[in-house]
Amino acid sequence: MCSDIVTRFAPSPTGFLHIGGARTALFNWLYARGRGGKFLLRIEDTDRVRYTPEATEAILQGLDWLGLDHDGDVVSQHDQAPRHVEVAHQLLEKGAAFKCFATQEEIESFREEARAAGRSTLYRSPWRDADPSTHPDAPYVIRIKAPDGGETVIRDAVQGDVTIDNAQLDDMILLRSDGSPVYMLAVVVDDHDMGVTHVIRGDDHLNNAARQMMIYHGMGWDVPVWSHIPLIHGPDGKKLSKRHGALGAEEYQKMGYPAAGMRNYLARLGWSHGDDEFFTDAQAREWFDIDGIRRSPAQFDLKKLENICGQHIAIADDAALRQETEDYLAAAGLPPLSAEQSSGLERAMYCLKERAKTLPELLEKGHFVLTSRPIEPDEKSAKHLDPVSRGMLGELTPQLQGVSWERETLEGVLNAFAEARDVKFGKLAGPLRAALAGRAVTPSVFDMMLVLGQDETLARLQDAASG
Ligand code: GLU
């Protein structure tokens, strides 16, 4: 499937990929990918004072972690500045923009007078219709001519028609007196030049849309289909901020949330497909549509994120999950796995991924295969290794020698042993977990025995029995 749909993500490089930005990127990515369109990436790096290459790198890394691949090269907005200047001059030639020679003092006194008279202080320049022959040889800015009277209607695919009284629009500056283009112009020119057909972005840009429309109209360009989506709120209903917890996508990576779960959860933040909470990437691509975006703000809920992540871990491919776990360790600055630990983890994966909500939880469950003899029991599991339990393990060990190392056999041996001693299997499980893993929470003892193999299992039991 191939279509003419082009979406984009246009972050300002703030130093990290904001979780709201990640969702915006995801929505644009899903919309394009589900329709055989293109998803482009533009870094809005016009603010050179705040800009650093590391800030861009952080965004690229965040997108990479989330698997939101873009088409073509990353566009630097700053690099397009000459083209923004060119368009400002074209608007001038078309009469949609004008040179304004007003000084700062003049603009200030315009505002003061307007305030005193109770009029709008939005600047309308006396140079709007000045004859160029009257232009002084003095510094000027280029401004757009805001429409006289009437209304601007933004046809928003999420918000519906949003009507703005044109009296709320000023003769916005396009080029500053030093010849540099303003951000608002850059966005419009870049979206046009990149062939963007659909823009999904936060509704904090809705006001900008009316101003940007002046430029589209001035150039006679088609306005893309805009969808302004409600921002994400915290559980208290207030706009998501630092006090609600982690704000950067990379922080969630460092906490060990799997990318597939994060994608699923972010897609559900403000968009829905019936009652479906859990879905695969393929389903999200197939289902995602602007119609499903809600108009009310979504609330970030860590419990839901964990729940969804757990479900994604449970269905993940073993090798891919092992790789993601190793990537998590690197991202979190934790020691890497040895080759032996890595292959052990993958062998054990089938019994770890049920009921693990995060990758650290998965590693904790997999401790038995990552650790080596002598097993150091933690405080909780050490309680299961009292002299009686040790004695029991000592009796059990010879019975496991020479048996075929299969689940059924092991179950048979252990159940018969428990029965003969007239203890519940649970009484046996605690010491076995302590001996094999040194932990109280582990996969089933049979799974651990099968993953570890006969020799290693017997050696660990022997160690514990004689400990
Ligand atoms: N650079 C803007 C931001 O990071 C987005 C601009 C847009 O999407 O039009 O909020």
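Because the structure is a prediction, the values reported are computed rather than measured. (Residues numbered from 1 in each chain as written. Predicted model: local features only at pLDDT ≥ 70, side-chain atom pairs only at ≥ 80, totals over all residues. Heavy atoms only, no water.)

**Things to note about the sheet that holds strand β5 (residues 141–144)**
- Across the sheet, three strands lie side by side as β4-β5-β8; this open sheet has antiparallel pairing. The open sheet is flanked by β4 (97–100) and β8 (173–175), the only strands paired with a single partner. Looking at each pair of strands side by side, their axes are set apart by 40 degrees on average, direction ignored. (Pairing = 2+ DSSP bridges. Helix = DSSP H or I, 4+ residues; strand = E, 2+ residues; numbered from the N terminus. Axes fitted to C-alpha atoms, helices over the stretch in contact; angles between N-to-C directions.)

**Details of unusual backbone geometry**
- Cis geometry marks the peptide bond from Arg373 to Pro374, where omega comes out at -5 degrees.
- Locating Pro374 in the fold gives a position in the loop between α14 (367–370) and α15 (379–382).
- A positive phi angle, close to 65 degrees, is found at Arg355, a residue other than glycine.
- Arg355 sits in the exposed class, given a relative accessible area of 72%.
- Although it is not a glycine, Asp422 adopts a positive phi angle of roughly 55 degrees.
- Here Asp422 shows up in the loop between α17 (407–420) and α18 (425–436).
- Looking at Asp422, the relative accessible area reads 70%, which means it is exposed. (Buried < 20%, exposed > 50% of the residue type's maximum accessible area, 1.4 Å probe, protein only.)

**Some remarks on the site of the ligand**
- Close to the ligand lie Arg8, Ala10, Pro11, Ser12, Glu44, Tyr183, Val187, Arg201 and His205.
- In this structure, an oxygen atom belonging to the ligand sits 2.7 Å away from a side-chain N or O atom of Arg201.
- Its free accessible area being 300 Å², the ligand has 80% of it covered by the protein chains.
- Partitioned by chemical class, the residues of the shell around the ligand number four nonpolar, two polar and three charged. (Near = heavy atom within 4 Å. Polar contact = N/O pair within 3.5 Å; in protein donor to acceptor, adjacent residues only side chain to side chain. Areas by Shrake-Rupley, 256 points an atom, 1.4 Å probe, with all protein chains shown as cover. Nonpolar A, V, L, I, M, F, W, Y, C, P; charged D, E, K, R; others polar.)

**Some details on the environment of Arg128**
- One can find Arg128 in the loop between α4 (104–116) and β5.
- Among the residues examined, Arg128 registers a relative accessible area of 11% and is labelled buried.
- In this structure, the C-alpha to C-alpha distance between Arg128 and Asp171, residues 43 residues apart in sequence, is 8.4 Å.
- Apart from the residues lying within four places of it in its own chain, the contact partners of Arg128 are Phe98, Lys145, Ala146, Asp148 and Asp171. (Contact = heavy atoms within 4.5 Å.)

**What to know about the packing of helix α8 (residues 259–268) against helix α10 (residues 302–315)**
- Two elements in contact, α8 and α10, have axes whose closest approach is 8 Å; the angle formed by their N-to-C orientations is 130 degrees. Of the possible angle classes, the one that applies to α8 and α10 is oblique. The two elements α8 and α10 meet at a crossing, and its hand is right-handed. Listed contacts from α10 to Ala260, Gly261, Met262, Asn264 and Tyr265 of α8 are Lys304, Leu305, Ile308, Cys309 and His312. (Parallel < 35°, antiparallel > 145°, perpendicular 65-115°, else oblique. Left-handed = near helix turned anticlockwise from the far one by under 90°.)

**Thoughts on the side chain of Arg8**
- Here Arg8 shows up in strand β1 (residues 6–9).
- Within polar-contact distance, the side chain of Arg8 engages the side chain of Asp191 at 2.9 Å.
- Discounting residues that sit within four places of it in the chain, Arg8 has contacts with Asn28, Phe39, Leu40, Arg42, Val187, Asp191, Val196, His198, Val199 and Arg201.

**Here's the deal with the packing of helix α12 (residues 339–352) against helix α19 (residues 445–452)**
- Relative orientation of the contacting elements α12 and α19 amounts to 165 degrees, with a least axis distance of 10 Å. Between α12 and α19, the interaxial angle falls into the category roughly antiparallel. In this structure, α12 meets α19 at a crossing whose hand is right-handed. On α19, the residues touching Arg347, Ala348, Tyr350 and Cys351 of α12 are Asp447, Leu450 and Val451.
- Of the residues assigned to the contact of α12 with α19, the class counts are five nonpolar, no polar and two charged.

**Quick look at the sheet that holds β1**
- The strand order across the open sheet built from three strands is β1-β2-β3, with neighbouring strands paired in parallel fashion. Where the open sheet ends on each side, the last strands, each with one partner, are β1 and β3 (75–76).
- Strand contacts of helix α2 (residues 53–66): β1 and β2 (38–43), with the helix running at about 155 degrees to β2, the strand carrying the most contacts.

**Details of α8**
- Where burial is concerned, most of α8 is hidden: nine out of the 10 residues are buried.
- Positive backbone phi, approximately 105 degrees, marks Gly270, located one or two places after α8.

**Here's the deal with the nonpolar core**
- By size, the foremost hydrophobic cluster in this structure holds 47 residues, and its most contacted members are Tyr252, Met262 and Phe300.
- Counting residues per element, the ones that place at least two in this core are α1 (19–33), β2, α2, α7 (249–254), α8 and α10.
- A total of nine residues in this core trace back to one element, the largest contributor, which is α1.
- For Met262, the residues in contact, after removing those within four places along its chain, are Ile19, Trp65, Leu66, Tyr252, Tyr257, Leu305 and Cys309.
- Of all hydrophobic cores here, the second largest spans 46 residues; its members include Leu385, Leu400, Phe417 and Leu461. (Core = buried A, V, L, I, M, F, W, Y, C linked by side-chain atoms within 4.5 Å.)

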